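Structure assessment
Each chain, written out:
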Amino acid sequence: FPSIDQDAWDTHVRNFDILKDNLLPVLDAAYASLIEDLEARGLLDETLVICMGEMGRTPKINSRAGRDHWSYCFPAMLCGAGIKPGVVYGRSDAQGAYPAEDAVQCKDFVATLYHLLGLDPDLQLPDALGRPTAITMGGKVIEAVLGGNRIGATNLHATNLGARYQPYIARSWRQTGIWRERINR
C-alpha cells in the first residue's frame, strides 16, 4: 500500500512555523488531490484512505517552541471504503491532552479497519506455532463512523492490501478456510 513518511513531522523544535509554512500546505494539497482523484475515477468507494501518525503531540509547548511525543490523544482521518463523510468522532479535553468523549482504543481502530476491509474483527489466525491469535485483541468496530460500503474480502487485491501483506493474509485465510467461505458467498 502506498505510504508517505516524513521525519519532518517530528516537530520538537519550531512546531508552529514548520506546520504553517511547510507541512500543512503540502498535506492539504496532497490529501485533497488524492481524494478528488479517487472520487473522479470511481475508486473512492473501494479505497480506504488513512491519514495518521503513530502518536500525538504534547499539549504543552516545550522550551524550543516544539511539541514532543504524546500517546494519550491523537487524530486520524479516514475516507472512502465505507467511512461516513463529514463525521467527527471523539473529543479531547480543553488542552488536547486526554480523550474527553468517545475515546477510541487502538484495538477498536484496528477492528474498524479490518471490518472495512471485509475481515471479521473477531477472526483468529494461527501464529508461527499454529496457536490461534486474535487479530484485534477484542476490539469493537466504531459503528458511528461507518457509512455503507466496505471493500469486502471478495474485492481484495494487491492494491487494496499491499503486495507485501497479501501473501501472508491469503495464506492464513486458506489455512483457516475463511478464504473459501468468503469467495463462495
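Reading guide: rules and limits
- Residues numbered from 1 in each chain as written.
- Predicted model: local features only at pLDDT ≥ 70, side-chain atom pairs only at ≥ 80, totals over all residues.
- Heavy atoms only, no water.
- Helix = DSSP H or I, 4+ residues; strand = E, 2+ residues; numbered from the N terminus.
- Buried < 20%, exposed > 50% of the residue type's maximum accessible area, 1.4 Å probe, protein only.
- Contact = heavy atoms within 4.5 Å.
- Areas by Shrake-Rupley, 256 points an atom, 1.4 Å probe, with all protein chains shown as cover.
- Pairing = 2+ DSSP bridges.
- Polar contact = N/O pair within 3.5 Å; in protein donor to acceptor, adjacent residues only side chain to side chain.
- Core = buried A, V, L, I, M, F, W, Y, C linked by side-chain atoms within 4.5 Å.
- Salt bridge = Lys/Arg side-chain N within 4 Å of Asp/Glu carboxyl O.
- Phe/Tyr/Trp six-rings, centres within 6.5 Å; stacked < 30°, edge-to-face > 60°.

1. Examining the overall build of the protein
The helix and strand tally for the protein stands at 5 helices and 8 strands. The N-to-C order of helical and strand elements in the protein reads α-β-β-β-β-β-β-α-β-β-α-α-α. Among the 185 residues that make up the protein, the fraction classed as buried is 31%. The long-range fraction of contacts in the protein, counting pairs at least 24 apart against all pairs at least 6 apart in sequence, stands at 64%. Of the roughly 12,000 Å² of accessible surface on the protein, 55% is carried by carbon and sulfur atoms.

2. Some thoughts on the environment of Met52
Here Met52 is to be found in strand β1 (residues 49–52). Considering only alpha carbons, one finds Met52 and Met77, 25 residues apart in sequence, at a separation of 6.4 Å. Dropping the residues within four chain positions of it, Met52 is found in contact with Phe74, Pro75, Ala76 and Phe109.

3. Re helix α2 (residues 106–116)
Burial in α2 covers these residues: Asp108, Phe109, Ala111, Thr112, Leu113 and Leu116. One or two steps after α2, the chain reaches Gly118, where phi turns positive at roughly 90 degrees.

4. What to know about the pairing of β1
Of the two faces of β1, the one holding Val49 and Cys51 is buried and the one holding Ile50 and Met52 is not buried anywhere. The pairing of β1 with strand β4 (residues 76–79) spans 4 bridges and is classified as antiparallel. The residue of β4 that forms the bridge with Val49 is Cys79.

5. Focus: the side chain of Thr58
In this fold, Thr58 is placed in the loop between β2 (56–57) and β3 (69–70). You can call Thr58 buried: its relative accessible area is 12%. Within the structure, the side chain of Thr58 is placed 3.0 Å from the backbone oxygen of Lys60, a separation counted as a polar contact. The residues touching Thr58, leaving out its near neighbours within four places in the chain, are Arg67, Asp68, His69 and Trp70.

6. Comments concerning the environment of Cys51
By the element assignment, Cys51 lies in strand β1. The spatial distance from the C-alpha of Cys51 to the C-alpha of Tyr31 is 8.4 Å, given a sequence separation of 20 residues. Excluding anything up to four places from it in sequence, Cys51 contacts Leu27, Tyr31, Ala76 and Met77.

7. So, the nonpolar core
Membership of the largest hydrophobic core is limited to 9 residues, which are Leu48, Ala81, Ile83, Phe109, Leu113, Leu116, Ile142, Val145 and Leu146. In contact with Leu113, other than residues within four places in its own chain, are Leu48, Ile50 and Leu78.

8. Describing the pattern of salt bridges
For the structure on display, the rule yields 4 salt bridges. Here Asp37 makes a salt bridge to Arg41, at a shortest N to O gap of 2.8 Å. On the basis of relative accessibility, which here comes to 33%, the residue Asp37 falls in the partly exposed class. When the shortest N-O distance is used, the salt bridge between Arg91 and Glu101 registers 3.5 Å.

9. Brief notes about the side chain of Asp108
You can see Asp108 is positioned in helix α2. Ignoring anything within four residues of it in the chain, the contact list for Asp108 reads Gly139, Lys140 and Ile142.

10. Focus: the packing of aromatic side chains
Following the criterion strictly, the structure yields 3 aromatic pairs and no others. Each ring, one from Trp70 and one from Tyr72, has its centre 4.9 Å from the other, and the planes form 65 degrees; the classification is edge-to-face. Centre to centre, the rings of Tyr72 and Tyr98 are 5.3 Å apart; their planes meet at 50 degrees, and the pair counts as tilted. Here Tyr72, found in the loop between β3 and β4, pairs with Tyr98, found in the loop between β5 (91–92) and β6 (99–101); they are 26 residues apart in sequence, far enough to count as distant. The exposure class of Tyr98 is partly exposed, given its relative accessible area of 40%. These aromatic residues form a ring-pair network of at least three members: Trp70, Tyr72 and Tyr98.

Spatial relationships are all this shows, so hold off on functional conclusions.
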